[in-house]
Amino acid sequence: MVLVPKTLQVLGEELAIVWSDGTEGYLPLTTVRRLCPCAGCAGERDLLGRLARPPEKPLTTESFRVVSTSPVGGYAVQIFWADGHSDGLFPYAKLREWSDHPPDLPPIKALPLLPTR
Ligand SMILES: [Zn+2]
């Protein structure tokens, strides 16, 4: 059975999802943003399967604020972030996986800091 969100909304710092099977999931927005699957964030594989990662873009507090969300084709949700980023389509299957098994991400403060000039 394909699980889809019955409701999906931003509550404070989290993405709150009520799934079609009645379970609820809460995903920190910081986690969701850092797992953005778009080519600009996650990188792209070339023909030989090598992962080309784009240069790390500094994330700011705006990067973790959601302006709006929009369902895509019944299988994913597009998230519009306050820093203008909206390339990532988050498949529901991934969101479900992340809420069932929170991915192991480095703490935010371990993220690269803005270069000081
Ligand atoms: Zn992205």
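Structure: above.
The structure reproduced in this document is the subject of the present report. (Residues numbered from 1 in each chain as written. Predicted model: local features only at pLDDT ≥ 70, side-chain atom pairs only at ≥ 80, totals over all residues.)

Pairing is antiparallel across the open sheet formed by three strands, whose spatial order is β1-β2-β3. The open sheet terminates on both sides in strands that have one partner only, identified here as β1 (5–11) and β3 (24–28). For this sheet, the mean angle separating the axes of adjacent strands, direction not counted, is 15°. Where β1 meets strand β2 (residues 14–19), six bridges bridge the pair, whose relative direction is antiparallel. Residue pairing across strands places L11 opposite E14, the latter belonging to β2. Strand contacts of helix α3 (residues 92–100): β1, β2 and β3, with the helix running at about 85° to β3, the strand carrying the most contacts. (Pairing = 2+ DSSP bridges. Helix = DSSP H or I, 4+ residues; strand = E, 2+ residues; numbered from the N terminus. Axes fitted to C-alpha atoms, helices over the stretch in contact; angles between N-to-C directions. Contact = placed C-beta atoms within 7 Å.)

What follows deals with the pairing of β2. Hairpin geometry of β1 and β2 is characterised by an intervening segment of two residues between the two adjacent antiparallel strands and by a positive phi of about 60° at G12. With five bridges joining them, β2 and β3 adopt antiparallel strand pairing. Across the sheet, I17 pairs through a bridge with G25, a residue of β3. Connecting β2 to the antiparallel partner β3 that follows it, the hairpin turn spans four residues, and G22 within it adopts a positive phi of roughly 90°.

Right, let's get into the sheet that holds strand β8 (residues 89–91). Pairing is antiparallel across the open sheet formed by three strands, whose spatial order is β6-β7-β8. The strands lining the two open edges of the sheet, one partner per strand, are β6 (66–72) and β8. The mean angle between the axes of side-by-side strands here comes to 30°, regardless of whether they run parallel or antiparallel. As defined by bridge partners, β6 adjoins strand β7 (residues 76–81) across six bridges and the pair is classed as antiparallel. What sits directly across from V66, in β7, is W81. The strands that α3 touches are β7 and β8; relative to β8, the one it contacts most, it runs at about 65°.

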